[in-house]
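# Observations on the model geometry
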Amino acid sequence: MKHEQNDAQHETGLIVDAQGRTCCYWQPQMPDYHDVEWGRPVTDDRLIFEKVCLEGFHSGMSWQMIYNKRENFRRAFAGFDFEKVAGFNEDDIARLMADKSIVRNRAKILATINNAQRAIEMVAEAGSLAAWFWQFEPKPEARPQTVDIHYWQGNNTSPEAEAMSKALKKRGWRWVGPVTTYALMQALGLVNDHLQGCCVRDICEAERGRLKRPG
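Because the structure is a prediction, the values reported are computed rather than measured.

Moving on, we get to the overall build of the protein. A count of helical and extended segments in the protein gives 12 helices and two strands. A burial count over the protein gives 52% of its 215 residues as buried. Look at the contacts in the protein between residues 6 or more apart in sequence, and 66% of them connect residues 24 or more apart. Carbon and sulfur atoms form 50% of the exposed surface of the protein, whose accessible area is close to 10000 Å². One way to put it: in the protein the 28 positive side-chain charges average out to a point 4 Å from where the 29 negative ones average out.

Structure (structure tokens):
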């Protein structure tokens, strides 16, 4: 996720919320997403596909806007059931282009349908989307010792995200550049980029520690 700046940010990137908790500065913009979703490991294939698609729509746009439209996207794209989306036809494309509740970007809509078809192929290849995407989880020694505001400001991709992007493009996926795939890694919990001192960071680390890696 590209972190939009706001007035609450200060040199540490941390704020104290209404409950007295220390959080990443963007928590007030999307409290539920920050508190219970971002950075937590995801292994459900439908949800992985959803996050791939939403991060693609996010490219060049505000994540908060995309997040606020998520239920509309789910309705429009059959709950992000990639088996169903793969079969979308010209009538579906026309329906989506007329739907003012989502982002009506034809290239991204076509990419979503294409990526659903590629997802079916990936499941046949790797057994699941989870097994394929989690192979790009960075090794512990490849991660920074401290995730602070300076790390956020200086890093919007990584070697693992670049490798994921290259591999996806080779398989015909679209809107999966290295900045988008790094945001995806954050969203899937392949990395935990909650700031040091954020009340959610240790929770995410505990969930990652308990996770049985797919594959």
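Back to the text.
Let us now look at the packing of aromatic side chains. The way to describe two aromatic rings as a pair is by their centre distance and the angle between their planes. For the structure on display, the rule yields 15 aromatic pairs. Taking the centre distance of 5.7 Å and the plane angle of 75° together, the rings of Tyr25 and Trp152 count as edge-to-face. Here the residue Tyr25 occupies a position in the loop between β2 (22-24) and α1 (31-36), and Trp152 occupies one in helix α9 (residues 149-154), the gap between them amounting to 127 residues. With respect to class, Tyr25 is no different from Trp152; both count as buried. Taking the centre distance of 6.1 Å and the plane angle of 85° together, the rings of Phe133 and Trp173 count as edge-to-face. Taken together, the residues Phe133 in helix α8 (residues 129-134) and Trp173 in the loop between α10 (159-170) and α11 (178-188) connect sequence positions 40 residues apart. Exposure remark for Trp173: the relative accessible area of 4% places this residue in the buried category.

Here we come to helix α7 (residues 106-126). In this model α7 runs 29 Å from its N-terminal to its C-terminal C-alpha over 21 residues, within 8% of the 30 Å that 1.5 Å per residue would give. In the core, the buried residues of α7 are packed alongside α2 (45-58), α5 (82-85), α6 (90-97), α8 and α10. Put simply, Asn105 is the residue that caps the front of α7, since its side-chain oxygen is 3.0 Å from the backbone nitrogen of Ala107. Downstream of α7 by a residue or two, Gly127 has a phi angle that is positive, lying close to 100°.

Below, the discussion takes up the pattern of salt bridges. The full count for this structure, using the stated rule, is 17 salt bridges. The shortest N-O distance in the salt bridge between Asp92 and Arg95 comes to 3.2 Å. Taken together, the residues span about one helical turn, with Asp92 and Arg95 both in helix α6 at a distance of three residues. On the accessibility criterion, Asp92 (18% relative accessible area) is buried. The closest approach of N and O atoms between Glu121 and Arg118, which form a salt bridge, is 2.9 Å. Of this pair, Glu121 and Arg118 are both found in helix α7, three residues apart, which corresponds to roughly one turn of the helix. A single network of salt bridges, built from pairs that share partners, joins Glu37, Arg46, Glu50, Lys51, Arg70, Glu71 and Arg74.

For the rest of this paragraph, the subject is unusual backbone geometry. Backbone geometry follows two general trends: most residues other than glycine have a negative phi, and most peptide bonds adopt the trans configuration. You will see that Phe80, though not glycine, has its phi angle at about 60°, which is positive. Summarising the element assignment, Phe80 is placed in the loop between α4 (70-76) and α5. For Trp175, which is not glycine, the phi torsion reads 55° and is therefore positive. Structurally, the position occupied by Trp175 is in the loop between α10 and α11. Relative accessible area serves as the criterion here: at 36%, Trp175 is assigned to the partly exposed category.

Bringing the UniProt feature "binding site: Zn(2+)" (unreviewed entry) in the protein into the picture now. Under the UniProt annotation, the feature "binding site: Zn(2+)" (unreviewed entry) is placed at His34, His194 and Cys198. Look at the named residues: they lie 165 residues apart in sequence, but the longest C-alpha span between them is just 10.3 Å, so in the fold they bunch up. Assignment of secondary structure puts His34 in helix α1. On the basis of relative accessibility, which here comes to 0%, the residue His34 falls in the buried class. The exposure class of Cys198 is buried, given its relative accessible area of 5%.

A few words now on the packing of α10 against α11. Packing of α10 against α11 brings their axes to within 8 Å, and their N-to-C directions diverge by 115°. Comparing the axis directions of α10 and α11 gives the class roughly perpendicular. Between α10 and α11 lies a crossing of right-handed hand. For the pair α10 and α11, the contacting residues are Glu160, Ala161, Glu162, Met164, Ser165 and Leu168 in the first and Pro178, Thr181, Tyr182, Leu184 and Met185 in the second. Tallied by class, the residues present in the contact of α10 with α11 amount to seven nonpolar, two polar and two charged.

Rules behind the numbers
- Residues numbered from 1 in each chain as written.
- Predicted model: local features only at pLDDT ≥ 70, side-chain atom pairs only at ≥ 80, totals over all residues.
- Heavy atoms only, no water.
- Helix = DSSP H or I, 4+ residues; strand = E, 2+ residues; numbered from the N terminus.
- Buried < 20%, exposed > 50% of the residue type's maximum accessible area, 1.4 Å probe, protein only.
- Contact = heavy atoms within 4.5 Å.
- Areas by Shrake-Rupley, 256 points an atom, 1.4 Å probe, with all protein chains shown as cover.
- Lys, Arg positive; Asp, Glu negative; His and termini not counted.
- Charge placed at Lys NZ, Arg CZ, Asp CG, Glu CD.
- Phe/Tyr/Trp six-rings, centres within 6.5 Å; stacked < 30°, edge-to-face > 60°.
- Expected span 1.5 Å × (residues − 1).
- Polar contact = N/O pair within 3.5 Å; in protein donor to acceptor, adjacent residues only side chain to side chain.
- Salt bridge = Lys/Arg side-chain N within 4 Å of Asp/Glu carboxyl O.
- UniProt positions renumbered as here; feature names shortened; annotations may be inferred.
- Axes fitted to C-alpha atoms, helices over the stretch in contact; angles between N-to-C directions.
- Parallel < 35°, antiparallel > 145°, perpendicular 65-115°, else oblique.
- Left-handed = near helix turned anticlockwise from the far one by under 90°.
- Nonpolar A, V, L, I, M, F, W, Y, C, P; charged D, E, K, R; others polar.

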